[in-house]
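Structural characterization, general
Below, each chain spelled out in residue letters.
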Amino acid sequence: LNTQKHPLGIPPPSEKDWPKEEEENFFLLDPDRKRDVLPQMIDKLVTQVFESAMEIIGRREMLQEAQNLKVQPPKCFPTAEFQVTERANCLAVSGKYIFVGLSVGLAAFSTCDLKDVCAWNAAKTEICAIHASDLGNQGHVLLAVDEMGLAWLFCFHKESFLLVKILNEVEDISQRSLCVEVVLSRGGDYAGILLQGNTKAWLEIYQLPKDSWLTEMEKNAGAAEELSCSEKRSSSSSEEGTFLLQEHPVSAIQSDVKLDPPVLLLTVRPPKPITGTSFKGPLDALKAVDDGSMLGLGYNHLIKDSQWELQEAIFRSTYQEYLEAEGVTEEEIPRYATFHFLLPSQILMGPEMKVQTDIPVGIGVHWDGNHNFCMYLLNHSLKQKADSDVKPDVVWPCASPIACSAVSSCSRYLALAGEDATITIWDKHLGYPMSVTVIPEERFIRSLHFL
């Protein structure tokens, strides 16, 4: 008996029967189901690459956040500028003037209005380095080095350049030595230049007669002004002619001025290598010390040549594999030095010396690869010739070769940095160390500065 009142129909599908998105049309994409999963090795590699990428992104985001949290330094913009006609290689400031070394000559600018005051290009040479010092009374001394290694000494007075001397000029160009470093003392009393020849290097220290320079320049400047005034009173020509008479007399007269040349005080040469002794006994060594030989350089010893040779043989046989790996070469004569002018101190002053507190009395020198910081008094010219082999008055030995050095503005504190990254601050007046700092990770120190 059929009791159904309504026609038969298809029931609606339930939620569990709905097709999933990833399974929809799967039979059309991969009917044999060969690509259902990746191989295990490929899956691991893809996962590892993805995780590494996420780690790199995370580190970069952390670094960016740390950078954003740092205090950003203020940006400084120039308040004024001045234009030069040639390429500028170097500059120095002295008093109210800025001296610029150009690709052709020198130029001087005023710090007040930044206008071009004077220029010098008589030699048509390129200036690569320049140092300047204020002499007072509107005078300045300049020491410049050109592209050929020549050291040019200038005097600048009342907006006019005057060449005093080329310090390393010689007639035979094959015998010329190159200047690689120049230093002027504060106040312009002394100048030092480091020269290099074919096989050797040495340091020359000059005394500058600045008082006679200023007197001569003042005298000629007064004569030039008198001549200019007389020319203007007697001139009745056109405005162009009057302008020429007003502009040229000063430079014309100053071009004829001959200033006194600097005086060579001493020549400092690199320390000689230590060799075997020539003394027969301790008494001979003590006599050499009494003659004025300086202690600290290691010359007045009693070690014979045979002992040096035996020590060298033992050292090379013990560390032969390390020496071959590093390619150790024989010791060469140093060709570069760092030097500073030193003000009076208890170490450099004798009880009978009369000095001024603002004028240097000595120089401090250290050569590349050498353990000793040597100090020389500047009054050696009174006792011996300037070109003789001068011995240091004070030797400051260090445990490792000196890499660089610095002297404070008051000249009391001396900073020495060794090749083992150890920085020692010395009190030069009292002669004892103030502090010792070791830079970690065996860093090499290239320069030191007192702030």
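Cut-off values and rules
- Residues numbered from 1 in each chain as written.
- Predicted model: local features only at pLDDT ≥ 70, side-chain atom pairs only at ≥ 80, totals over all residues.
- Heavy atoms only, no water.
- Helix = DSSP H or I, 4+ residues; strand = E, 2+ residues; numbered from the N terminus.
- Buried < 20%, exposed > 50% of the residue type's maximum accessible area, 1.4 Å probe, protein only.
- Contact = heavy atoms within 4.5 Å.
- Areas by Shrake-Rupley, 256 points an atom, 1.4 Å probe, with all protein chains shown as cover.
- Pairing = 2+ DSSP bridges.
- Axes fitted to C-alpha atoms, helices over the stretch in contact; angles between N-to-C directions.
- Core = buried A, V, L, I, M, F, W, Y, C linked by side-chain atoms within 4.5 Å.
- pLDDT = per-residue confidence, 0-100.
- Phe/Tyr/Trp six-rings, centres within 6.5 Å; stacked < 30°, edge-to-face > 60°.
- Lys NZ or Arg CZ within 6 Å of the ring centre and 35° of its normal.
- 1 Å grid on protein atoms, 1.4 Å probe; cavity = no way out; pocket = protein on both sides within 12 Å on 5 of 7 lines; lining within 4 Å.
- Points joined across faces, edges and corners; volume = space filled by probe spheres on them.
- Nonpolar A, V, L, I, M, F, W, Y, C, P; charged D, E, K, R; others polar.
- Domains from an automatic or database assignment.
- Polar contact = N/O pair within 3.5 Å; in protein donor to acceptor, adjacent residues only side chain to side chain.

As annotated in an unreviewed UniProt entry, the chain is WDR93 protein from Cisticola juncidis.

What follows covers the overall build of the chain. Looking only at helices and strands, the chain has eight helices and 20 strands in total. Buried residues in the chain amount to 35% of all 451 residues. Pairs at least 24 apart in sequence give 51% of the contacts found in the chain among residues at least 6 apart. Looking at the chain as shown, the accessible area adds up to about 30300 Å², and 54% of this sits on carbon and sulfur atoms.

Attention now goes to the sheet that holds strand S3 (residues 106-110). Spatial strand order, S1-S2-S3-S4: four strands in an open sheet with antiparallel pairing. The open sheet has two free edges, formed respectively by strand S1 (88-94) and strand S4 (116-120), since each of these has just one partner strand. Across the sheet, the mean angle from the axis of one strand to that of its neighbour is 20°, orientation sign disregarded. As defined by bridge partners, S3 adjoins S4 across four bridges and the pair is classed as antiparallel. The partner of Ala 108 across the bridge, within S4, is Cys 118.

Turning next to the nonpolar core. Counting residues in hydrophobic clusters, the biggest one holds 24 residues, and the most contacted among them are Leu 143, Leu 153, Ile 193, Trp 213 and Leu 259. Contributions of two or more residues to this core are made by strand S6 (139-146), strand S7 (151-157), strand S8 (161-166), strand S9 (178-184), strand S10 (190-196), strand S11 (201-207) and helix H3 (210-234). In this structure Leu 259 touches Cys 155, Leu 162, Val 164, Trp 213, Glu 216 and Met 217, once residues within four positions along its chain are discounted. Leu 265, Phe 341, Trp 367 and Cys 374 belong to the second largest nonpolar core, which has 20 residues in total.

We now examine the confidence of the model for the chain. A residue-level look at the chain finds 74% of positions with pLDDT of 70 or above and a mean pLDDT of 79. Considering only residues more than four positions removed or in separate chains, one finds that residues 227-233, a stretch of pLDDT under 50, has seven contacts. Segment residues 235-254 is flagged for pLDDT under 50; beyond a separation of four residues in sequence, or across chains, it makes 21 contacts in the model.

Here we take up the packing of aromatic side chains. Scanning the entire structure with this criterion turns up twelve aromatic pairs. Measuring from centroid to centroid gives 5.1 Å for Phe 99 and Phe 156, while their planes differ by 80°, and the two rings are edge-to-face. Of the two residues, Phe 99 sits in strand S2 (residues 97-102) while Phe 156 sits in strand S7, which places them 57 residues apart along the sequence. No difference in accessibility class separates Phe 99 from Phe 156, as the two residues are buried. With a centroid separation of 4.7 Å and 70° between ring planes, the pair formed by Trp 120 and Phe 154 is classed as edge-to-face. Placement of the pair is Trp 120 in strand S4 and Phe 154 in strand S7, with a sequence separation of 34 residues. Across the pair, Phe 154 and Trp 120 agree in class, each one buried. A connected cluster of aromatic rings, assembled from ring pairs, spans Tyr 97, Phe 99, Trp 120, Trp 152, Phe 154, Phe 156 and Phe 161. The ring of Trp 202 is capped by Lys 200, whose NZ or CZ atom sits 5.8 Å from the centre of that ring.

As a volume, the second largest pocket reaches approximately 850 Å³. Only S9, strand S13 (337-342) and strand S17 (402-407) provide two or more residues apiece to the lining of the second largest pocket. For the lining of the second largest pocket, the element with the highest residue contribution is S13, accounting for five residues. Across the lining of the second largest pocket, the residue classes tally to 15 nonpolar, twelve polar and six charged. Both of domain 1 (88-221 + 257-268) and domain 2 (282-438) provide at least three residues apiece to the lining of the second largest pocket.

On the secondary structure map, Ser 110 appears in strand S3. Classification of Ser 110 by relative accessible area gives buried; the value is 11%. A distance of 3.3 Å separates a polar atom in the side chain of Ser 110 from the backbone nitrogen of Cys 112. Sequence-distant contacts of Ser 110, that is, excluding residues within four places in its chain, are made with Lys 96, Tyr 97, Lys 115 and Val 117.

With that settled, consider the pairing of S11. Judged by how many residues are buried, S11 sits mostly within the fold: six of seven residues are covered. In terms of strand pairing, S10 meets S11 through seven bridges, oriented antiparallel. Bridge pairing in S11 links Gln 196 to Ala 201. Note: S11 against strand S12 (residues 263-268), five bridges, orientation antiparallel. The residue bridging Ile 205 from the neighbouring strand is Leu 266, located in S12.

Moving on: the environment of Leu 150. Mapping Leu 150 onto the fold places it in the loop between S6 and S7. Each C-alpha atom of the pair Leu 150 and Ile 166 lies 6.8 Å from the other, and the pair is 16 residues apart in sequence. Setting aside its immediate chain neighbours within four residues, Leu 150 contacts Ala 144, Val 145, Ile 166, Asn 168 and Arg 176.

Another aspect to go through is the side chain of Thr 424. Tracing the backbone through its elements, the reader meets Thr 424 in strand S19 (residues 422-427). By relative accessible area, which is 14% here, Thr 424 ends up buried. Leaving out residues up to four positions away in the same chain, Thr 424 has contacts with Leu 414, Ala 415, Leu 416, Pro 433, Ser 435 and Val 436.

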